[in-house]
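Next come the chains, spelled out residue by residue.
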Amino acid sequence: AYVPLDPLLPRARLLELAADAQLSTLVCSSTKRALAEALASELGLAEVVELSPGGIVGGEAVHAALPPLDPAGVAYLLYTSGSTGRPKAVLQSRANLGHHGRSYAASVGLGPEDRVSLLSSYAFDAAVMDLYGALGSGACLCVLERGPQALLALPDVIHDEGISVLHGTPTVIRELLAGLAVHARPTLEGVRAVVLGGEEARVQDAQTIRRHFPRATIVNGLGPTECTLALQHQIPASEPLAQLGREPSRGLPIGRPVGGLRLQLSTPIGEQPALFGIGELVFAGPGVALGYWRRPALSAARFSVKNGVRSYRSGDLGRRLADGSLAFAGRRDAQLEVHGHR
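Below or above, wherever it landed, is the structure these notes cover. Remember, it's a predicted structure, so these values are computed and weren't measured experimentally. (Residues numbered from 1 in each chain as written. Predicted model: local features only at pLDDT ≥ 70, side-chain atom pairs only at ≥ 80, totals over all residues. Heavy atoms only, no water.)

Under the criterion given, the structure shown has 3 aromatic pairs. Here Tyr 292 and Phe 303 contribute two aromatic rings whose centre-to-centre distance is 5.3 Å and whose plane-to-plane angle is 70°, an arrangement assigned as edge-to-face. Here the residue Tyr 292 occupies a position in strand S14 (residues 291-292), and Phe 303 occupies one in strand S15 (residues 303-306), the gap between them amounting to 11 residues. For Phe 303, a relative accessible area of 7% puts it in the buried group. Ring centres of Phe 303 and Tyr 312 lie 5.0 Å apart, and the angle between their planes is 35°; on these two criteria the pair is classed as tilted. We note that Phe 303, like Tyr 312, is buried. Grouped by ring-pair contacts, the aromatic residues Tyr 292, Phe 303 and Tyr 312 constitute a single cluster. (Phe/Tyr/Trp six-rings, centres within 6.5 Å; stacked < 30°, edge-to-face > 60°. Helix = DSSP H or I, 4+ residues; strand = E, 2+ residues; numbered from the N terminus. Buried < 20%, exposed > 50% of the residue type's maximum accessible area, 1.4 Å probe, protein only.)

Along its 13 residues, helix H7 (residues 170-182) runs 18 Å from first to last C-alpha, staying within 8% of the 18 Å computed at 1.5 Å per residue. Buried residues along H7 sit against helix H6 (154-161), strand S7 (165-168), strand S8 (193-196) and helix H8 (203-212). (Expected span 1.5 Å × (residues − 1). Contact = heavy atoms within 4.5 Å.)

Turning to the pattern of salt bridges, a few remarks are in order. Evaluation of the coordinates by the stated rule reveals 11 salt bridges. The partner of Arg 146 in a salt bridge is Asp 6, with the nearest N and O atoms 3.2 Å apart. One end of the pair, Arg 146, is in the loop between strand S6 (140-143) and helix H5 (148-152); the other, Asp 6, is in the segment before helix H1 (11-21), and 140 residues separate them in sequence. Residue classification places Asp 6 among the buried residues on the basis of a relative accessible area of 6%. With a shortest N-O distance of 3.8 Å, Arg 215 and Glu 189 are connected by a salt bridge. Taken as a pair, Arg 215 in the loop between H8 and strand S9 (217-222) and Glu 189 in the loop between H7 and S8 lie far apart in primary sequence, 26 residues in all. Classification of Arg 215 as exposed rests on a relative accessible area of 59%. (Salt bridge = Lys/Arg side-chain N within 4 Å of Asp/Glu carboxyl O.)

Moving on, we come to the sheet that holds strand S3 (residues 74-79). Taken in spatial order, the 3 strands make up an open sheet running S3-S4-S14, and their pairing is antiparallel. Strands with a single pairing partner mark the edges of an open sheet, and in this sheet they are S3 and S14. The strands touched by helix H3 (residues 94-108) are S3 and strand S4 (89-93); relative to S4, the strand with the most contacts, the crossing angle is about 80°. (Pairing = 2+ DSSP bridges. Axes fitted to C-alpha atoms, helices over the stretch in contact; angles between N-to-C directions.)

For the rest of this paragraph, the subject is the side chain of Arg 210. The residue Arg 210 is located in helix H8 in this model. Despite its burial, Arg 210 pairs with no opposite charge; the closest candidate is Glu 239, at 6.8 Å N-O. Among the polar contacts listed, one links the side chain of Arg 210 to the backbone oxygen of Pro 236, at a separation of 3.1 Å. With near-sequence residues (within four places) excluded, Arg 210 lies in contact with Ile 218, Ile 235, Pro 236, Ala 237, Glu 239 and Leu 241. (Lys, Arg positive; Asp, Glu negative; His and termini not counted. Polar contact = N/O pair within 3.5 Å; in protein donor to acceptor, adjacent residues only side chain to side chain.)

Here we take up the environment of Gln 243. Relative to the helices and strands, Gln 243 resides in the loop between strand S10 (231-235) and strand S11 (256-257). The class of Gln 243 is exposed, set by a relative accessible area of 54%. From its side chain, Gln 243 meets the backbone oxygen of Pro 240 in a polar contact 3.4 Å long.

Turning our eyes to something else, we now look at unusual backbone geometry. Even without a glycine there, the phi angle at Arg 294 is positive, about 60°. Summarising the element assignment, Arg 294 is placed in the loop between S14 and helix H9 (296-302). The phi dihedral of Asn 307 falls on the positive side, at around 55°, and the residue is not glycine. Position of Asn 307 among the secondary structure elements: in the loop between S15 and strand S16 (309-320).

Time to look at empty space enclosed by the protein. Tallied over the entire structure, the rule returns 1 cavity of 30 Å³ or more. Considering only enclosed or pocket space, the largest cavity measures out at about 30 Å³ in volume. Along the walls of the largest cavity sit Asp 20, Arg 86, Pro 87, Lys 88, Ala 89, Trp 293, Arg 294 and Arg 295, which together make up its complete lining. By residue class, the composition of the lining of the largest cavity is 3 nonpolar, no polar and 5 charged. (1 Å grid on protein atoms, 1.4 Å probe; cavity = no way out; pocket = protein on both sides within 12 Å on 5 of 7 lines; lining within 4 Å. Points joined across faces, edges and corners; volume = space filled by probe spheres on them. Nonpolar A, V, L, I, M, F, W, Y, C, P; charged D, E, K, R; others polar.)

With respect to the helices and strands, the residue Glu 199 is situated in the loop between S8 and H8. One buried charge, Glu 199, has no salt-bridge partner; the nearest side chain with opposite charge is Arg 174, at 4.0 Å. Here the side chain of Glu 199 touches Thr 171 through a polar contact of 2.3 Å, side chain to side chain.

Take it as geometry only, folks, not as evidence of what the structure does.
If you want it as structure tokens, here you go:
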């Protein structure tokens, strides 16, 4: 299993995550070697492997036979934001990782001719769809720089890299579109899909995207770290936005289950399904994570298995719309999200 560590995080946080994950090997690039050695020294890690740009380790090509892999085995530990005060790591299986990659590629129609952006940190689950959706479908994965300065240059990078599928949080996409509106930038007609996630998107976001990307399908959805690709709603370029309503601040629909996932809206009273109104989003079926690393009580409270099918109580609330799709309706707890921080 791998554990992605974002080098932009404070060293104290990295030490905390690395210690909790009980790492044995730290893999880094040459530019991050000093940080990796500091972490390895303080944690007593077994090995630091430096990868050169050509993928050569130690100056010689390495040819190693891959061991047989159990699909039910753990593929990665991915830490959540730590909104409850202590970060928790989600355990995801190899089978589920492959499922999410294939489902995303199928829903967006990824193929060898596509160039997919990787704007999110690889330490967040949003990157899982881009990484494995692109690489599993033969598309080119374009790893883009992050940070305020990189955001200013993003329109030129999208044009120069020939990005066809742009995936980002609504906050990042808003900043991108604001820059396009103010400064003379190259046309971005090559973008055929704008994928939103990570926080609530609004009708006004779709309207602004449509103005700058008139040929692009707008994709909105919801997928917690515990079930990366869960719900998705697509608005083709040919579909008028008027049907979304006249309130610019209204949230965009988050859609329907993707990839064979099953959804139930559950109410707190007797845990009965909510046929109408608002209920907690409970996901069941392929893609649901194995649980939390070293958190058995929390795993038991949020995950369950019935007749061999895993389910997860998300804590997110949903509201059924007239067409059968869903709208985000907040949280069961008092949690808010401000600029991506819960």
